[in-house]
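Okay, here's what each chain looks like letter by letter:
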Amino acid sequence: MKLVQFRFKKQCLAAVVLFSATSLAWSAPATDDVVKGYSKLVYANYTDALTAAKKMQTEVDAFLNAPSEAGLDAAKKAWLDAREFYGQTEAFRFYGGPIDDEHGPEGQINAWPMDESYVDYVQGNSNSGFVNNVKFNITRAALVEQNERGGEENIATGWHAIEFLLWGQDLNDGGPGNRPYTDYVKGKGKHAERRAAYLREVTALLIHDLEHVQSAWLPGKSDNFRAAFEKDGKESIRKILVGLGSLSRGELAGERLEVALFSQDQEDEHSCFSDNTHRDAVTNAQGILNVWTGTYKQAGGAVLKVPSLAELVTSKSPDVAKRTTAQIQNSVSAATAIQAPFDREIIGGADAPGPRRIKATVASLVEQSSLLVESANALGITRLTLTQP
């Protein structure tokens, strides 16, 4: 009887050893698995962003076909809903991928800050912008040609041009812009038909550009960016980390938060017409967390889980991985604490509640950028040039 018990214990011990080995293998994915998982996550996120943008286009078309206050509100809501998905895709930038390589459409999709007088009327100038220039032919090609022509604030296309055409200037300290729907009613809004044509074209262009980026990550192709990216192993891991680190420090902490906090100028906030800047910060931070943990909540509610950087780094330096995960989670929490409207949050001295919340987010993002560099070093990656503010 004692002998049987002894053998049973040995079998249990063997099972525990086998289980531990299996668990270790699962928590230490191969480099290629992480790269392929990243591609899968990127494609899923861009697909959701594109689908949501098409829903926005449907609401914009419905509004323009029969302008009303309710129709304008529906188009605005669809814009806000679509931004929730697009904001997370910002984590896929800064390494010469299909969104922002030499021929990438990022500048047409999400350029900012915007000189709104470049597009339409503003307070004090009822004749400004392409909408009111009857000699300007409103076509997709013409809008592309004029985007950022003569200056980086001369933005004619993308999310923020659409945002301005829906909300108008934000002249209200307590809320977003309040463009009247009658701006699109023939006989009531000056150049209403031209404004409608502009909104249709710029929305269609956004869809076109998002389709271009999504197709670069389409699975099963042998000649698109994804196919080449998945063959580059450690170099692709380096690019992923460059994207995360650059968004953390240079773009989100620097350009999108620190600049506005320093200037305390509404014109320096990311989505100034809709007062959606606080959500931009959260979705950008969430996008970094998505990539790091290999987790993405899809539009339908299902959670996509792929082999992650966090698991790969854990296999080399558990302590660095743990600290990086905690810091990225902290950044999401800190960004979530930033209150709307952002143009009021940036006002006040260094110890005012709003600036303190923004500075806490910046500090967390700066620290996570350093930890991402440590993570890269743990993987043997030392050539990591990050975008700085």
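Attention here is on the structure that accompanies the text. (Residues numbered from 1 in each chain as written. Predicted model: local features only at pLDDT ≥ 70, side-chain atom pairs only at ≥ 80, totals over all residues. Heavy atoms only, no water.)

## Overview of the packing of aromatic side chains
Here's step 1: One pass over the structure, following the stated rule, counts 15 aromatic pairs.
Here's step 2: Centre to centre, the rings of Trp79 and Trp159 are 6.2 Å apart; their planes meet at 80 degrees, and the pair counts as edge-to-face. Of this pair, Trp79 sits in helix α3 (residues 69-86) while Trp159 sits in helix α6 (residues 159-167); the two residues are 80 residues apart in sequence, bridging distant segments of the chain. In this structure, Trp79 and Trp159 share a single accessibility class: buried.
Here's step 3: Taken together, Tyr38, Tyr46, Phe92, Tyr95, Trp217, Phe225 and Phe229 form an aromatic cluster joined through their ring pairs.
Here's step 4: The cationic tip of Arg179 hangs over the ring face of Phe164; the distance from NZ or CZ to the ring centre is 5.1 Å. (Phe/Tyr/Trp six-rings, centres within 6.5 Å; stacked < 30°, edge-to-face > 60°. Helix = DSSP H or I, 4+ residues; strand = E, 2+ residues; numbered from the N terminus. Buried < 20%, exposed > 50% of the residue type's maximum accessible area, 1.4 Å probe, protein only. Lys NZ or Arg CZ within 6 Å of the ring centre and 35° of its normal.)

## Things to note about the pattern of salt bridges
Here's step 1: Summed over the entire model, instances satisfying the criterion amount to 24 salt bridges.
Here's step 2: Among the ionic pairs, Glu90 bridges to Arg93, the shortest N-O distance being 3.5 Å. As far as burial versus exposure is concerned, Glu90 and Arg93 are alike and both buried.
Here's step 3: One salt bridge in this structure joins Asp120 and Arg195, with 2.6 Å as the shortest N-O distance. Of this pair, Asp120 sits in the loop between α4 (106-110) and α5 (140-146) while Arg195 sits in helix α7 (residues 192-216), and the two are 75 residues apart along the sequence. The same class applies to Asp120 and to Arg195, which are both buried.
Here's step 4: In this structure, a network of salt bridges that share partners links the residues Glu90, Arg93, Asp100, Glu106, Glu251 and Arg256. (Salt bridge = Lys/Arg side-chain N within 4 Å of Asp/Glu carboxyl O.)

## Digging into helix α10 (residues 277-293)
A turn of α-helix holds 3.6 residues, and therefore any two residues three or four places apart point the same way.
Here's step 1: Under the 1.5 Å per step criterion, the end-to-end length of α10 is 25 Å for 17 residues, consistent within 8% with the ideal 24 Å.
Here's step 2: With 15 of its 17 residues buried, α10 lies for the most part within the structure.
Here's step 3: Where α10 terminates, the next one or two residues include Gly294, which has phi positive at roughly 65 degrees. (Expected span 1.5 Å × (residues − 1).)

## Concerning unusual backbone geometry
Leave glycine aside and you will find that most residues have negative phi; peptide bonds, for their part, are mostly trans.
Here's step 1: That bond from Trp112 to Pro113 is cis: its omega, -10 degrees, falls within 30 degrees of zero.
Here's step 2: If you trace the backbone, Pro113 turns up in the loop between α4 and α5.
Here's step 3: Cis rather than trans, the peptide bond between Ala340 and Pro341 has omega equal to -5 degrees.
Here's step 4: Locating Pro341 in the fold gives a position in the loop between α12 (318-337) and α13 (342-345).
Here's step 5: The phi dihedral of Glu148 falls on the positive side, at around 60 degrees, and the residue is not glycine.
Here's step 6: Looking at the secondary structure, you find Glu148 in the loop between α5 and α6.
Here's step 7: Relative accessible area serves as the criterion here: at 33%, Glu148 is assigned to the partly exposed category.
Here's step 8: Despite not being glycine, Gln264 shows a phi value in the positive range, around 50 degrees.
Here's step 9: Mapping Gln264 onto the fold places it in the loop between α9 (233-263) and α10.

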